[in-house]
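# Commentary on secondary and tertiary structure
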Amino acid sequence: SQTIHQWPATLVQPVGSPLSLECTVEGTSNPNLYWYRQAAGRGLQLLFYSVGIGQISSEVPQNLSASRPQDRQFILSSKKLLLSDSGFYLCAWSGGAGGNQPQHFGDGTRLSIL
Amino acid sequence: QQQVKQSPQSLIVQKGGISIINCAYENTAFDYFPWYQQFPGKGPALLIAIRPDVSEKKEGRFTISFNKSAKQFSLHIMDSQPGDSATYFCAAPDRGSTLGRLYFGRGTQLTVWP
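Residues numbered from 1 in each chain as written. Chains lettered and ligands numbered in written order. Predicted model: local features only at pLDDT ≥ 70, side-chain atom pairs only at ≥ 80, totals over all residues. Heavy atoms only, no water.

## Topic: the overall build of chain A
Formally: Segments assigned H or I by DSSP are reported as helices when at least four residues long, segments assigned E as strands when at least two residues long, and all are numbered from the N terminus. Our radius of gyration is a C-alpha quantity, and the globule rule it is checked against amounts to 2.2 Å times the number of residues to the power 0.38. Summary of the burial criterion: residues with accessible area below 20% of their type's maximum are buried, those above 50% are exposed, and those between are partly exposed, where the area comes from a 1.4 Å probe applied to protein chains only.
A tally of helices and strands in chain A yields zero helices and 11 strands. Listed by position from the N terminus, the elements making up chain A come as β-β-β-β-β-β-β-β-β-β-β. Taken over C-alpha atoms, the radius of gyration comes to 13 Å for chain A, in line with the 13 Å a tight globule of 114 residues would show. Considered along the principal axes of its C-alpha atoms, chain A spans approximately 40 × 30 × 25 Å. Looking at chain A as a whole, 48% of its 114 residues qualify as buried.

As structure tokens, then:
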């Protein structure tokens, strides 16, 4: 069966420090991969999505970037964190192309910026 | 783009009662409408989904009703239990996307009192 892993589960970082959040998927190949941010009391904001290795699309211009160095690995990064980057970051995958595929989420990373 | 409007924002129901959450979407090229359930500190988990070649889908105590002409769909939780207390998100696929992109509602925080 397919599983998705995110780490770390929680992270406290000072303003101006770099960031690297990792997400890996097991049990499937060539998934679509997604990074979301969830602010308290709000919905899910799509940040990046990827349909293949090295293919990244950005939804919202911001202080973050994403990379996909391997088929089932998706990384969210920042060179210098801002206070506004605090939030709950979720990685998700779906099976291939088509607008009728379910997305499956990891358990997220709670990021606090001090 | 796609907008998904979800209501109510919060819902309090007594144990054994019926919980009803409503969503409306704008346009879609695909027929796939999932609902997600999220517990605190966890990622959203796929709860139930409907492909509107049918107007209703039932899985246990959870039912999705779909009105394609009105572009509305709703989640009904029968015999609500305290363990159902969670945040629920509806989603609709992107209008022109073949990438499996979903637009999410802002969520409904359900509290079931014992």
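## Quick notes on the overall build of chain B
What counts is decided by this rule: Contact definition: two residues touch when any of their heavy atoms are within 4.5 Å.
Of the regular secondary structure elements, chain B holds zero helices and 11 strands. Along chain B, from the amino end to the carboxyl end, the secondary structure elements read β-β-β-β-β-β-β-β-β-β-β. Its C-alpha atoms give chain B a radius of gyration of 14 Å, near enough to 13 Å, the size a compact globule of 114 residues would have. For chain B, the C-alpha atoms occupy an extent of roughly 45 × 30 × 20 Å along the three principal directions. Taken over 114 residues, chain B has a buried fraction of 46%. Here the contacts in chain B between residues at least 6 apart in sequence split such that 54% fall between residues at least 24 apart.

## Quick look at the nonpolar core
Generally speaking, a soluble globular protein has its nonpolar side chains buried in company with each other. Filter applied, for reference: What makes a nonpolar core is a set of buried Ala, Val, Leu, Ile, Met, Phe, Trp, Tyr and Cys residues whose side-chain atoms join them at distances within 4.5 Å.
One finds Phe33(B), Trp35(B), Phe73(B), Leu75(B), Tyr88(B) and Leu110(B) to be the most contacted residues of the largest nonpolar core, which totals 24 residues. Taken together, the elements giving at least two residues each to this core come down to β2 (10–14), β3 (19–25), β4 (33–38), β5 (45–50), β7 (62–67), β8 (72–77), β9 (86–93) and β11 (108–113) of chain B. Looking at this core, the element that brings in the most residues is β9(B), giving four residues. Residues Leu47(A), Ala66(A), Cys91(A) and Leu111(A) belong to the second largest nonpolar core, which totals 20 residues.

## Re the state of the cysteines
What counts is decided by this rule: By definition, disulfides here are pairs of cysteine sulfur atoms that lie within 2.5 Å.
Tallied over the full model, the rule gives two disulfides over all chains. Shown here is the disulfide that connects Cys23(A) with Cys91(A), its sulfur atoms set 2.0 Å apart. Its torsion about the S-S bond being -75 degrees, the disulfide of Cys23(A) and Cys91(A) is classed as left-handed. Of this pair, Cys23(A) sits in strand β3 (residues 19–26) while Cys91(A) sits in strand β9 (residues 87–94), placing them 68 residues apart in sequence. For the pair Cys23(A) and Cys91(A), a shared accessibility class is recorded, and that class is buried. For Cys23(B), the disulfide goes to Cys90(B), at an S-S distance of 1.8 Å. Since a negative S-S torsion denotes a left-handed disulfide, the Cys23(B)-Cys90(B) link at about -90 degrees is left-handed. With Cys23(B) in strand β3 and Cys90(B) in strand β9, this pair connects stretches of sequence that are 67 residues apart. Residue classification places Cys23(B) among the buried residues on the basis of a relative accessible area of 2%.

## Thoughts on the packing of aromatic side chains
As a reminder, the rule being used: For Phe, Tyr and Trp, where Trp contributes only its six-membered ring, two rings pair if their centres lie within 6.5 Å, and the inter-plane angle classes them as stacked under 30 degrees, edge-to-face over 60, or tilted in between.
Tallied over the entire structure, the rule returns 14 aromatic pairs over all chains. For the pair Phe105(A) and Tyr36(B), a centre-to-centre distance of 5.5 Å together with 90 degrees between the ring planes defines the contact as edge-to-face. Of this pair, Phe105(A) sits in strand β10 (residues 103–105) while Tyr36(B) sits in strand β4, placing the two residues on different chains. Accessibility classification places Phe105(A) together with Tyr36(B) in one group, the buried group. Aromatic rings pair up to connect Tyr34(A), Tyr36(A), Phe105(A), Tyr36(B) and Phe104(B) into one cluster.

## A short note on the pattern of salt bridges
All names here are of chain A. The cut-off we apply is this: We define a salt bridge as a contact between a side-chain nitrogen of Lys or Arg and a carboxyl oxygen of Asp or Glu at a distance within 4 Å.
If you walk through the whole model with that rule in mind, you get five salt bridges over all chains. When the shortest N-O distance is used, the salt bridge between Arg 68 and Asp 71 registers 3.3 Å. Judged by relative accessible area, Arg 68 falls into the buried class, the value being 3%.

## Quick look at the environment of Gln55(A)
Residues and elements named next belong to chain A. Relative to the helices and strands, Gln 55 resides in strand β6 (residues 55–58). Along the chain, Gln 55 and Arg 68 lie 13 residues apart, while their C-alpha atoms are 7.2 Å from each other. Ignoring sequence-local partners within four residues, the contact set of Gln 55 consists of Tyr 49 and Ser 50.

## Brief notes about the pairing of β3(B)
On a regular strand, one side chain projects to one face of the sheet and the next to the other, so that they alternate. Residue and element names in this part refer to chain B. The condition is simple: For two strands to pair, DSSP has to find at least two bridges joining them.
Every second residue of β3 is oriented toward a common face, the buried set being Ser 19, Ile 21, Cys 23 and Tyr 25 and the non-buried set Ile 20, Asn 22 and Ala 24. Note that strand β1 (residues 4–7) and β3 share four bridges and pair antiparallel. Paired with Gln 6 across the two strands is Cys 23, which belongs to β3. The pairing of β3 with β8 spans six bridges and is antiparallel. Across the sheet, the residue bridging to Asn 22 is Ser 74, located in β8.

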